[in-house]
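Residue-level structure breakdown
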Amino acid sequence: MSAAKELQLKNGKTYTETGVFLSEFYLAYKEIISLGYEVDFATPFGIKPSIDKESLNKKYWKGRNSPLEEAKYFVQNNEKFNTPKTLENGLENINQYSGIIIPGGQGLMADLIYDKKIKRLLKEFSTKGKAIGLICHAPALILSIPREENPFIGYKVNSVTGLEELLLKIL
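My aim in this report is to walk through the structure given alongside it, one point at a time. (Residues numbered from 1 in each chain as written. Predicted model: local features only at pLDDT ≥ 70, side-chain atom pairs only at ≥ 80, totals over all residues. Heavy atoms only, no water.)

Examining the side chain of T18
Locating T18 in the fold gives a position in the loop between strand 2 (14-16) and helix 1 (22-34). Only 3.3 Å separates the side chain of T18 from the side chain of D52, close enough to count as a polar contact. Excluding residues that lie within four positions of it along the chain, T18 makes contacts with A4, K5, E6, L7, S50, I51, D52, Q106 and G107. (Helix = DSSP H or I, 4+ residues; strand = E, 2+ residues; numbered from the N terminus. Polar contact = N/O pair within 3.5 Å; in protein donor to acceptor, adjacent residues only side chain to side chain. Contact = heavy atoms within 4.5 Å.)

Listed below in structure tokens is the structure:
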């Protein structure tokens, strides 16, 4: 997961209060644990994941307060979430994992996209035939892997587009 709290923009400005998009993380997390899987969290340097403030808006939760409040409580109180492992630890223990899921949010465009360990994790999970889930902005991470090393060449992916991003900000 991303631990970035801000994103430098091309126009020289800084988008503050960015990070992981809460619904993209929490709803996937709930589904995974409902299937009986155990979840570990990891970020660069084991820093607590940051949550994008925009993702606290009820419009991303179908106007329902209950799942939003549940998710906010989780990120404030869950011990594993608040003390994540490092990406390096994930690499060292890769054989104990069934898969990897990287939730979206613009934060990953500030830290994960430049991290060599996330590239290695994605390549290793692919090589070992393990499940990989990349939500919203996260498919951009596969483009950070050099073409000659990239196990995803030839895959079809779906990701957020610039137009969708603009429309979401307008709505």
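Re the pairing of strand 6 (residues 131-134)
Within a regular beta strand, the side chains point alternately toward one face of the sheet and then the other, so they alternate between its two faces. Bridge count for strand 5 (residues 99-102) against strand 6 is four bridges, and the pairing is parallel. Paired with G99 across the strands is A131, a residue of strand 6. In the classification by handedness, the crossover that spans strand 5, the intervening helix 5 (residues 116-127) and the parallel strand 6 is right-handed. (Pairing = 2+ DSSP bridges. Right-handed = clockwise from strand over helix to strand, strands pointing away.)

Looking at the packing of aromatic side chains
Enumeration over the complete set of coordinates arrives at 14 aromatic pairs. Ring geometry for F25 versus F81: centroids 5.3 Å apart, planes at 35°, classification tilted. Pair noted here: F25 is in helix 1 and F81 is in helix 3 (residues 79-82), with a separation of 56 residues, a long-range link. By relative accessible area, F81 is classed as buried at 0%. Aromatic pair F74 and F81: ring centres 5.9 Å apart, planes at 65°, arrangement edge-to-face. Grouping residues by exposure puts F74 and F81 together as buried. (Phe/Tyr/Trp six-rings, centres within 6.5 Å; stacked < 30°, edge-to-face > 60°. Buried < 20%, exposed > 50% of the residue type's maximum accessible area, 1.4 Å probe, protein only.)

These figures come from the coordinates and say nothing about function on their own.
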